[in-house]
Amino acid sequence: KPMENRITDIGPPHFAQFFPPVIKKNYGKWKSHEIIQPGVIKYTSETGDVLFAVRVGCPRLVTTDYIREVCEIADKYCDGYVRWTTRNNIEFHVTDEEKLRALLDDLKSRKFPGGSQKFPVGGTGAGVTNIVHTQGWVHCHTPAIDASGVVKAVMDELFDYFGSHKLPAQVRIALACCLNMCGAVHCSDIAILGIHRKPPLIEDDRLQHVCEIPLVVASCPLGAIKPATVEINGEKKKTVRVNQERCMFCGNCYTMCPAMPLADGEGDGIAILVGGKISNRISPPKFSKLVIPFIPNEPPRWPTTVKWIKKILETYAQHARKYERLGEWAERIGWERFFELCEIPFTEKSIDDYRLAYDTYRTSLHFKF
Ligand code: SF4
Ligand code: SF4
């Protein structure tokens with residue numbers, strides 16, 4: 001009884017009230033599901049009801065006109081119900097095959113002015129679904145890269161894998177624009193991670209006027225910040241100092257204190273990690289591993305990042321066994337062979353070395369610069 005005793009005047013309203021009638025009726029009774037074609041999942045309930053979910057790729061940042069069009073489609077075919085998945089796909093739900101065919105034809109007919117598909121159907125099964133990603137330069141304090149721009153550049157290149165099942169298994173791609181990782185970078189088949197490579201600058205003259213020093217000290221996950229006092233033009237100023245050897249360039253301090261910027265046009269860039277997953281099918285869940293430590297930031301189309309992701313994906317597609325996820329394939333053939341086949345240079349930066357943990361925290365399973 002999900003609605004019972006729930007306080008609804010705080011937080012989002014309970015999701016159950018937005019269920020389409022067929023989902024409300026069959027809640028907890030769905031017996032099986034199958035992907036009947038790329039992008040279309042058929043659910044069958046023990047009551048005999050069926051539901052077709054049509055998955056459509058959607059950019060994460062959309063215009064109000066676009067949303068109006070989505071609502072118009074939902075009104076026409078789905079009694080006004082529509083949902084967005086955690087990977088920013090749109091799902092339209094219909095309950096009979098006739099409506100399904102009409103909906104698919106309608107979606108196919110809608111194009112952007114340049115002729116590209118506006119509502120591509122796909123993102124299921126052994127393909128690439130939408131990239132789960134963060135906000136990047138649009139709104140956050142600490143990004144090292146853009147998010148939507150990189151995702152657009154990558155997905156344009158991988159578009160064929162969205163509407164097909166040509167891969168050995170599903171490939172989940174994620175992007176986080178800093179290592180605080182609002183995206184699922186730690187557990188994705190291919191992960192794009194924005195990284196800073198320098199500690200924050202400290203603007204001593206204004207820090208005490210714009211920042212709460214205890215808050216700044218507490219914001220550092222590595223305990224690298226301590227209070228300090230400096231003299232500027234004969235005036236004593238309260239400020240902070242950063243133990244640079246300990247800093248992992250996360251930017252949490254900048255989130256708390258605008259006098260500690262760490263964005264850097266040349267130092268910031270992208271790291272690529274691969275082989276993570278959350279599924280426990282065939283093998284237990286895995287963390288992603290760092291394979292390319294640094295690629296420069298190259299807006300507006302990030303060609304080097306796109307090239308490497310395509311190379312990794314296509315090498316996996318060519319060599320892995322059916323149902324094998326990217327990390328399972330790399331572990332079966334050995335990571336040395338993975339680097340060889342993908343033609344990724346193996347450098348000392350790819351090696352973890354816990355001995356350094358005695359005098360610096362700037363080392364972990366994935367990060368060492
Ligand atoms: Fe902000 Fe980092 Fe999250 Fe990107 S990943 S939105 S920079 S906290
Ligand atoms: Fe600490 Fe992160 Fe700031 Fe470095 S960037 S001082 S690790 S909070």
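Given the structure is predicted, the values throughout are model-derived calculations rather than measurements.

Scoring rules and cut-offs
- Residues numbered from 1 in each chain as written.
- Chains lettered and ligands numbered in written order.
- Predicted model: local features only at pLDDT ≥ 70, side-chain atom pairs only at ≥ 80, totals over all residues.
- Heavy atoms only, no water.
- Helix = DSSP H or I, 4+ residues; strand = E, 2+ residues; numbered from the N terminus.
- Buried < 20%, exposed > 50% of the residue type's maximum accessible area, 1.4 Å probe, protein only.
- Areas by Shrake-Rupley, 256 points an atom, 1.4 Å probe, with all protein chains shown as cover.
- Lys, Arg positive; Asp, Glu negative; His and termini not counted.
- Charge placed at Lys NZ, Arg CZ, Asp CG, Glu CD.
- Near = heavy atom within 4 Å.
- Nonpolar A, V, L, I, M, F, W, Y, C, P; charged D, E, K, R; others polar.
- Core = buried A, V, L, I, M, F, W, Y, C linked by side-chain atoms within 4.5 Å.
- Contact = heavy atoms within 4.5 Å.
- Axes fitted to C-alpha atoms, helices over the stretch in contact; angles between N-to-C directions.
- Parallel < 35°, antiparallel > 145°, perpendicular 65-115°, else oblique.
- Left-handed = near helix turned anticlockwise from the far one by under 90°.
- Expected span 1.5 Å × (residues − 1).
- Arc of directions from axis to C-beta.
- Polar contact = N/O pair within 3.5 Å; in protein donor to acceptor, adjacent residues only side chain to side chain.
- pLDDT = per-residue confidence, 0-100.
- Salt bridge = Lys/Arg side-chain N within 4 Å of Asp/Glu carboxyl O.
- Pairing = 2+ DSSP bridges.

### A few points about the overall build of the protein chain
Secondary structure summary: the protein chain contains ten helices and twelve strands in total. Considering only C-alpha atoms, the protein chain reaches an extent of 80 × 55 × 45 Å along its principal axes. Within the protein chain, the fraction of its 369 residues that count as buried is 48%. If you sum the accessible surface of the protein chain, you get close to 19200 Å²; carbon and sulfur atoms cover 53% of it. Looking at charge distribution, the protein chain has the averaged site of its 48 positive side-chain charges lying 3 Å from that of its 43 negative ones.

### So, the site of ligand 2
Within the structure, ligand 2 sits among Pro-200, Cys-220, Pro-221, Ile-225, Val-242, Cys-247, Met-248, Phe-249, Cys-250, Gly-251, Asn-252 and Cys-253. Tallied by class, the residues present in the shell around ligand 2 amount to ten nonpolar, two polar and no charged.

### Points about the nonpolar core
Counting residues in each nonpolar core, the largest one holds 42 residues, and the members touching the most others are Ile-272, Ile-312 and Phe-338. Considering each element in turn, this core owes the most residues, eight residues, to helix H4 (residues 148-162). Once you skip the residues sitting within four places of it in the chain, Ile-312 turns out to touch Ile-190, Ile-272, Val-274, Val-291, Leu-326, Phe-338, Cys-342 and Ile-344. By size, the runner-up hydrophobic cluster in this structure holds 20 residues, among which are Cys-58, Ile-90, Phe-92 and Leu-107.

### Let's talk about the packing of helix H2 (residues 64-77) against helix H3 (residues 97-109)
Contact geometry of H2 with H3 gives a least axis separation of 11 Å together with a crossing angle of 155 degrees. Taken together, the axes of H2 and H3 lie roughly antiparallel to each other. The handedness of the crossing between H2 and H3 is right-handed. On H3, the residues that touch Ile-73, Lys-76 and Tyr-77 of H2 are Lys-99, Ala-102, Leu-103, Asp-106 and Leu-107. Here the residues of the contact of H2 with H3 are counted per class, giving five nonpolar, no polar and three charged.

### Some words on the site of ligand 1
Around ligand 1, a shell composed of Thr-134, Gln-135, Cys-140, Thr-142, Pro-143, Cys-177, Cys-178, Asn-180, Met-181 and Cys-182 is seen. Classifying every residue of the shell around ligand 1 by side-chain character gives six nonpolar, four polar and no charged.

### As for H3
The terminal C-alpha atoms of H3 lie 18 Å apart, and with 13 residues this matches the ideal 18 Å at 1.5 Å per residue to within 8%. Buried residues of H3: Leu-100, Leu-103, Leu-104, Asp-106 and Leu-107, and no others. End-on view of H3: buried residues confined to an arc of 165 degrees, all on one side of the axis. When the buried face of H3 is taken as reference, the exposed residues oriented beyond 90 degrees from it are Glu-98, Asp-105, Lys-108 and Ser-109. On its buried face, H3 is in contact with strand E1 (30-37), strand E2 (40-45), strand E3 (50-56), H2 and strand E5 (90-94). Of the residues flanking the start of H3, the one acting as N-cap is Asp-96, its side-chain oxygen 3.1 Å from the backbone nitrogen of Glu-98.

### Some remarks on the confidence of the model for the protein chain
Chain-level statistics for the protein chain give a pLDDT mean of 91 and a share of 92% at 70 or above. With pLDDT under 50 throughout, residues 365-369 is counted as low confidence; its partners more than four residues away or in other chains account for 20 contacts. For this predicted complex, the interface score ipTM comes out at 0.97, alongside a pTM of 0.89.

### Examining the pattern of salt bridges
Enumeration according to the criterion identifies 21 salt bridges in this entry. A salt bridge links Asp-204 to Arg-241, with the nearest nitrogen and oxygen atoms 2.9 Å apart. Placement of Asp-204 in helix H5 (residues 204-210) and of Arg-241 in strand E10 (residues 235-242) is noted, with a sequence separation of 37 residues between them. Lys-277 is paired through a salt bridge with Glu-328; the nearest N and O atoms lie 3.0 Å apart. Linking Lys-277 in the loop between strand E11 (269-274) and strand E12 (289-296) with Glu-328 in helix H9 (residues 326-333), this pair joins segments that are 51 residues apart in sequence. Accessibility assignment for this pair places Lys-277 and Glu-328 in one class, buried. Connected through salt bridges with shared partners, the residues Glu-69, Glu-72, Lys-76, Asp-106, Arg-110 and Lys-118 form a single ionic network.

### Brief notes about the pairing of E5
Of all five residues making up E5, five are buried, and the element is well covered by its neighbours. By the alternation rule, side chains of E5 split into Ile-90, Phe-92 and Val-94 and Glu-91 and His-93, which are all buried. The sheet contact formed by E3 and E5 spans five bridges and is antiparallel. Bridge pairing links Arg-55 to Glu-91 in E5. Pairing of strand E4 (residues 83-84) with E5 involves two bridges; the strand directions are antiparallel. Of the residues in E5, the one forming a bridge with Arg-83 is Glu-91. Taking the residues that link successive antiparallel strands as the turn, the E4-E5 hairpin has five residues, and the phi of Asn-88 there is positive, at about 65 degrees.

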